[in-house]
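Spelled out, the chains give:
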Amino acid sequence: METILLVGDLRPGDVVGFTFFTGYMAMFAASVFFFLERSQVEGHWKTSLTISGLITMIAAVHYFYMRDQYLATNSSPTEFRYIDWTLTVPLMCVEFYLIIKPFGGKISTMWKLIGYSVFMLVFGYVGESLDRPNSAIWGAVSTVGYIGILYEIYLGDVKKIADASRDASTLKAVSLLRWFVLVGWAIYPIGYMMIPGGLLAGLNINIDLIYNIGDAINKIGFGLVVYSAAVANSKAHNEAPVQRVDGRFNREPVDA
Ligand SMILES: *C/C=C(C)/C=C/C=C(C)/C=C/C1=C(C)CCCC1(C)C
């Protein structure tokens, strides 16, 4: 008789396995939350919440598979990670664009950010999966894309338009999201350096553990920042006095 192994067990003390399970459930719950909260916010913020929900939903589906693989084989294919990131990181770039769009943000800014992130992920994948002995070189090339994103959001188009908007919730959202990219996203290259032969390989920390923690912070946290900006902005909008503009009743924030 043949034994079919369907799933492995989550063993007591398996911290990595634990983060695969909590990661999955947290991403799933966050998606439900972002989708349902759409109705609570105004105008263009609805699209922002949809994107937040898509980011965590795409991650939830990948975690569903990674979790099973991990239980069955005690490791998780690098491929799932990079497919997930290739979809979710560009969507995070779209979030930046959606926030600055009402103030003149250009679609070309979005494509620049997406271009940098695809560059970053393609070379990261080469180093992590195809050519591990040279992971440090590929990692360095990949970092150029990461720096490109940081440049755009801290000094380039995104910063300029956010500053010019003089809109409190936009400025706050952009500055918080920038911190996520600078500090939260830095978790990934640190994990990457733990690849055998990498700079931090000696620490002997499981890479999946680092990536799982990074994903929870960056996908759910990023979405929550967008959500709070959306709520704050919609509230300001609703509480503003109704004014008559061009014969129509208009409700705009007093300071807009
Ligand atoms: C939800 C997933 C996110 C936000 C993933 C972000 C991934 C990165 C910022 C990865 C960056 C890398 C480098 C900067 C160099 C080494 C290779 C990578 C791909 C790990």
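What you are looking at is a predicted structure, and each value in this text was computed from that prediction instead of being measured.

## Describing the overall build of the chain
Now for step 1: In terms of helices and strands, the chain carries 9 helices and 2 strands.
Now for step 2: Taken from the N to the C terminus, the helices and strands of the chain come in the order α-α-α-α-α-α-α-α-α-β-β.
Now for step 3: Principal-axis analysis of the C-alpha atoms places the extent of the chain at approximately 80 × 40 × 25 Å.
Now for step 4: Pairs at least 24 apart in sequence give 70% of the contacts found in the chain among residues at least 6 apart.
Now for step 5: Approximately 13200 Å² of the chain is accessible, and the part contributed by carbon and sulfur atoms is 66%.
Now for step 6: Between the averaged position of the 19 positive side-chain charges in the chain and that of its 21 negative side-chain charges there is a distance of 9 Å.

## Overview of the pattern of salt bridges
Now for step 1: If you walk through the whole model with that rule in mind, you get 9 salt bridges.
Now for step 2: Residue K219 is joined to D84 by a salt bridge in which the shortest nitrogen-to-oxygen separation is 3.9 Å. Note that K219 is positioned in helix α9 (residues 207-239) and D84 in helix α3 (residues 78-100), a separation of 135 residues in sequence.
Now for step 3: Notably, a salt bridge pairs D163 with K159, separated by 2.9 Å at the nearest N-O pair. Here D163 pairs with K159, and both are found in helix α6 (residues 157-165), just 4 residues apart, close to one helical turn.
Now for step 4: Taking relative accessible area as the criterion, K159 reaches 28% and is therefore assigned partly exposed.
Now for step 5: Each of the salt bridges in this network shares a partner with another, and the network as a whole consists of R81, D84, D208, D215 and K219.

## Quick look at the UniProt feature "transmembrane region" (unreviewed entry) in the chain
Now for step 1: The UniProt record annotates "transmembrane region" (unreviewed entry) at residues 15-36, 48-65, 85-101, 113-130, 136-155 and 176-195.
Now for step 2: Split by type, residues 15-36 is 100% helix and 0% strand. Its first and last C-alpha atoms lie 31 Å apart.
Now for step 3: Within the segment residues 48-65, helix and strand shares are 100% and 0% respectively, and the terminal C-alpha atoms sit 27 Å apart.

## Here's the deal with the packing of helix α1 (residues 15-37) against helix α2 (residues 45-73)
Now for step 1: α2 packs onto α1 with a crossing angle of 155 degrees between their chain directions and a minimal axis gap of 8 Å. If you check the angle between α1 and α2, you find them roughly antiparallel. As for the relative orientation of α1 and α2, their crossing is left-handed in sense.
Now for step 2: Residues that form the contact of α1 with α2 fall into these classes: 19 nonpolar, 8 polar and 2 charged.

## Let's talk about the site of the ligand
Now for step 1: In the vicinity of the ligand lie 17 residues, with W85, M120, S142, Y188 and K219 positioned nearest.
Now for step 2: Burial of the ligand by the surrounding chains reaches 99%, relative to a free accessible area of 530 Å².
Now for step 3: Listing elements by their share of the shell around the ligand, those giving two or more residues are α3, α4 (107-130), α5 (135-154), α8 (187-192) and α9.
Now for step 4: Ranked by residues supplied to the shell around the ligand, first place goes to α3 with 5 residues.
Now for step 5: Here the shell around the ligand is built from residues that sort into 10 nonpolar, 5 polar and 2 charged.

## Topic: the environment of R166
Now for step 1: Along the chain, R166 falls in the loop between α6 and α7 (168-184).
Now for step 2: Judged by its relative accessible area of 71%, R166 is exposed.
Now for step 3: Counting along the chain gives 155 residues from R166 to R11, while the straight-line C-alpha distance between them is 53 Å.

## Topic: the nonpolar core
Burial of nonpolar side chains together is a common tendency in soluble globular proteins.
Now for step 1: Of all hydrophobic cores here, the largest spans 64 residues; its most connected members are F96, V181 and W185.
Now for step 2: Examining the composition of this core, we find that 12 residues originate from one element, α3, more than from any other.

## Points about the confidence of the model for the chain
Now for step 1: Averaged over all residues, the pLDDT of the chain equals 91, while 90% of them reach at least 70.
Now for step 2: Summarising per-element confidence for the chain, the mean pLDDT is lowest in strand β2 (residues 248-251) (54) and highest in α4 (98).

## As for the side chain of S117
Now for step 1: Note that S117 resides in helix α4.
Now for step 2: Apart from residues lying up to four places away in sequence, S117 is in contact with V89, P90, C93 and I149.

## Observations concerning the packing of aromatic side chains
Now for step 1: Applying the stated criterion to the full structure yields 17 aromatic pairs.
Now for step 2: Ring centres of F33 and Y227 lie 4.9 Å apart, and the angle between their planes is 65 degrees; on these two criteria the pair is classed as edge-to-face. Within this pair, whereas F33 is found in helix α1, its partner Y227 is found in helix α9, the two being separated by 194 residues in sequence.
Now for step 3: According to the relative accessible area criterion, F33 is partly exposed, its value standing at 31%.
Now for step 4: Judged by relative accessible area, which is 18%, Y227 ranks as buried.
Now for step 5: Both rings, one in F64 and one in Y65, keep their centres 5.6 Å apart while their planes meet at 85 degrees; by these two values the pair is edge-to-face.
Now for step 6: Exposure remark for Y65: the relative accessible area of 45% places this residue in the partly exposed category.
Now for step 7: Three or more aromatic residues joined by ring pairs make a cluster, and in this case those are Y24, F28, F64, Y65 and F80.
Now for step 8: The ring of F21 has R67 lying over it, and the distance from NZ or CZ to the ring centre is 4.7 Å.

Each value, and the rule that gives it
Position numbers for residues start from 1 in each chain and track the written sequence from start to end. For a predicted model such as this one, the threshold for reporting local features is a pLDDT of at least 70, and the threshold for listing and counting side-chain atom pairs is 80 or more; totals across whole chains, interfaces and linings nevertheless cover every residue. As a convention, hydrogens and water are excluded, and side-chain values are obtained from all of the structure's heavy atoms. Going along the chain from the N terminus, every DSSP run of H or I of four or more residues is numbered as a helix, and every run of E of two or more is numbered as a strand. Residue contacts are counted whenever heavy atoms from the two residues lie within 4.5 Å of one another. What sets the accessible areas is the Shrake-Rupley method with a 1.4 Å probe; for residues, cover comes only from the shown protein chains. Counted as positive: Lys and Arg. Counted as negative: Asp and Glu. His and the chain ends are not counted at all. Here the site of a charge means atom NZ of a Lys, CZ of an Arg, CG of an Asp or CD of a Glu. The working definition used for a salt bridge is a side-chain nitrogen of Lys or Arg within 4 Å of a carboxyl oxygen of Asp or Glu. Accessibility here uses a 1.4 Å probe with only protein chains present; expressed as a share of the type maximum, an area under 20% marks a residue as buried, one over 50% as exposed, and anything in between as partly exposed. UniProt positions are given in the numbering used here, feature names are shortened, and annotations may be inferred rather than shown by experiment. Whenever a helix is involved, its axis is fitted only over the stretch in contact; in every case the axis is a line through C-alpha atoms, and angles between N-to-C directions fall within 0 to 180 degrees. Our angle categories are set so that under 35 degrees counts as roughly parallel, over 145 as roughly antiparallel, 65 to 115 as roughly perpendicular, and the remainder as oblique. Helix crossings are classified by the rotation of the near helix relative to the far one: an anticlockwise turn of less than a right angle makes the crossing left-handed, while a clockwise turn makes it right-handed. The classification used treats Ala, Val, Leu, Ile, Met, Phe, Trp, Tyr, Cys and Pro as nonpolar, Asp, Glu, Lys and Arg as charged, and all other residues, Gly among them, as polar. Any residue with a heavy atom positioned within 4 Å of a molecule or strand is treated as near that molecule or strand. We define the nonpolar core as a collection of buried residues of types Ala, Val, Leu, Ile, Met, Phe, Trp, Tyr and Cys that are connected through side-chain atoms lying within 4.5 Å of one another. Across the chain, each position has a pLDDT score giving the predictor's confidence in that residue, from 0 to 100. We call Phe, Tyr and Trp rings a pair once their centres come within 6.5 Å, taking the six-membered ring for Trp, and we label the pair stacked below 30 degrees between planes, edge-to-face above 60, and tilted otherwise. Whether a charge sits over a ring depends on NZ of Lys or CZ of Arg being within 6 Å of the ring centre and within 35 degrees of the ring normal.

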